[in-house]
Amino acid sequence: MTLSSIGQGPYTKILLCKTLYEGMVKFHVVSHYKLWCSMSDPNTASMHHLNMEQLTKTLTSLFNLYEANRNSNHVHENEAEFHSLYVLLHLGSYSQPMGEPLSLWLRRVSTPVLKSKEMCFARRILRSFRLGNSKDFFCTTAAQASYLQFCIMMPYFNEVHALALSCINFGGYKLHPYPLLDLSKHLVIKESDLESFCNSCGLETCTDESGNKLLPTKQTIFNRPKGRFQSYSFLGLQEYER
């Protein structure tokens, strides 16, 4: 079936085009997450890179389609969420998926889209990531993230975990070990997974006389594991990880 074979008029053709492009974006976003989970396979890295290229190209085409068929300040269904995905692709120190600063791209986004809850969420997450506010990053994610937003963000969760551990280790008071249970609540991760993550970063944990697990601070050894971190369960969004 081709667009020219559809006889219901131009509106139906436009709607079909949007549906097709949105479906392609969803496919590449989910593939982004699934491929990241399989990065232990040496053949997966190149596929992940190619998928990212196709994701950014398809997003560009979808945004152009939205603009070409915009009436006044009308916001297309799903438009705000797909714009938020582009913002979340800038997580990471050097992420610039479309070759231009995010600030310039945001100037071209319509005001209703900028003020949408999806875009406010994405911009808050990006700000928390860049400021190292791990508690706000994870709590906001657990409360508001959609499945597609989760798929974009998941590869960066352990990077934020590592930053939080580093800050607590080097900034904490040596005589007062940090309770792992409290830290696990801030980072929205199981206590057992957090203990495993501490060990993978070279940090030792201990247990007090009451059986509570603690993280002694001021440890001299802290290493960010090379390559991809092990994936840990994210409390509140376990259904997304299936």
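Residues numbered from 1 in each chain as written. Predicted model: local features only at pLDDT ≥ 70, side-chain atom pairs only at ≥ 80, totals over all residues. Heavy atoms only, no water.

Colleague: Tell me about the nonpolar core, and please be specific about residues and values.
Modeller: Counting 56 residues, the largest nonpolar core has Leu91, Trp105, Phe137 and Leu165 as its most contacted members. Ignoring any residue separated from it by four or fewer positions in sequence, one finds Leu165 in contact with Leu183, Leu194, Phe197, Cys198, Cys201, Leu203, Leu215 and Phe222. (Core = buried A, V, L, I, M, F, W, Y, C linked by side-chain atoms within 4.5 Å. Buried < 20%, exposed > 50% of the residue type's maximum accessible area, 1.4 Å probe, protein only. Contact = heavy atoms within 4.5 Å.)

Colleague: Please give an account of the packing of helix α2 (residues 44-68) against helix α3 (residues 79-88) that cites residues and values.
Modeller: Axis separation between α2 and α3 bottoms out at 11 Å; the angle between their running directions is 145 degrees. Regarding α2 and α3, the two cross each other, and that crossing is left-handed. Contacts from Leu59, Leu62, Phe63, Tyr66 and Glu67 of α2 reach α3 at Glu79, Phe82, His83 and Tyr86. Of the residues that constitute the contact of α2 with α3, the class distribution is 6 nonpolar, 1 polar and 2 charged. (Axes fitted to C-alpha atoms, helices over the stretch in contact; angles between N-to-C directions. Helix = DSSP H or I, 4+ residues; strand = E, 2+ residues; numbered from the N terminus. Left-handed = near helix turned anticlockwise from the far one by under 90°. Nonpolar A, V, L, I, M, F, W, Y, C, P; charged D, E, K, R; others polar.)

Colleague: Before we move on, could you go through the environment of Tyr173 and cite the residues and values that matter?
Modeller: By the element assignment, Tyr173 lies in the loop between α9 (157-171) and β1 (178-179). Among the residues examined, Tyr173 registers a relative accessible area of 52% and is labelled exposed. It is 6.5 Å that separates the C-alpha atoms of Tyr173 and Thr217, two residues lying 44 residues apart in sequence.

Colleague: I'd like a description of α2, backed by residues and values.
Modeller: Between its first and last C-alpha atoms α2 spans 36 Å; for 25 residues at 1.5 Å apiece the expected length is 36 Å, and the two agree. Taken together, the buried positions of α2 are occupied by Thr44, His48, Asn51, Leu55, Thr56, Thr58, Leu59, Leu62, Phe63, Leu65 and Tyr66. (Expected span 1.5 Å × (residues − 1).)

Colleague: I'd like a rundown of the confidence of the model for the protein chain, residues and numbers included.
Modeller: Confidence along the protein chain averages 86 in pLDDT terms, with 85% of residues attaining 70 or more. Counted against residues more than four places away or in other chains, residues 1-7, with its pLDDT under 50, gives 9 contacts. (pLDDT = per-residue confidence, 0-100.)

Colleague: Any details on unusual backbone geometry? Residues and values, ideally.
Modeller: In this model, Val188 sits at a positive phi of 50 degrees, which is unusual for a non-glycine residue. Inspection of the secondary structure assignment puts Val188 in the loop between α10 (180-187) and α11 (191-200). Located in the positive-phi region is Lys218, a residue other than glycine, with phi close to 65 degrees. In this fold, Lys218 is placed in the segment after β3 (213-215).

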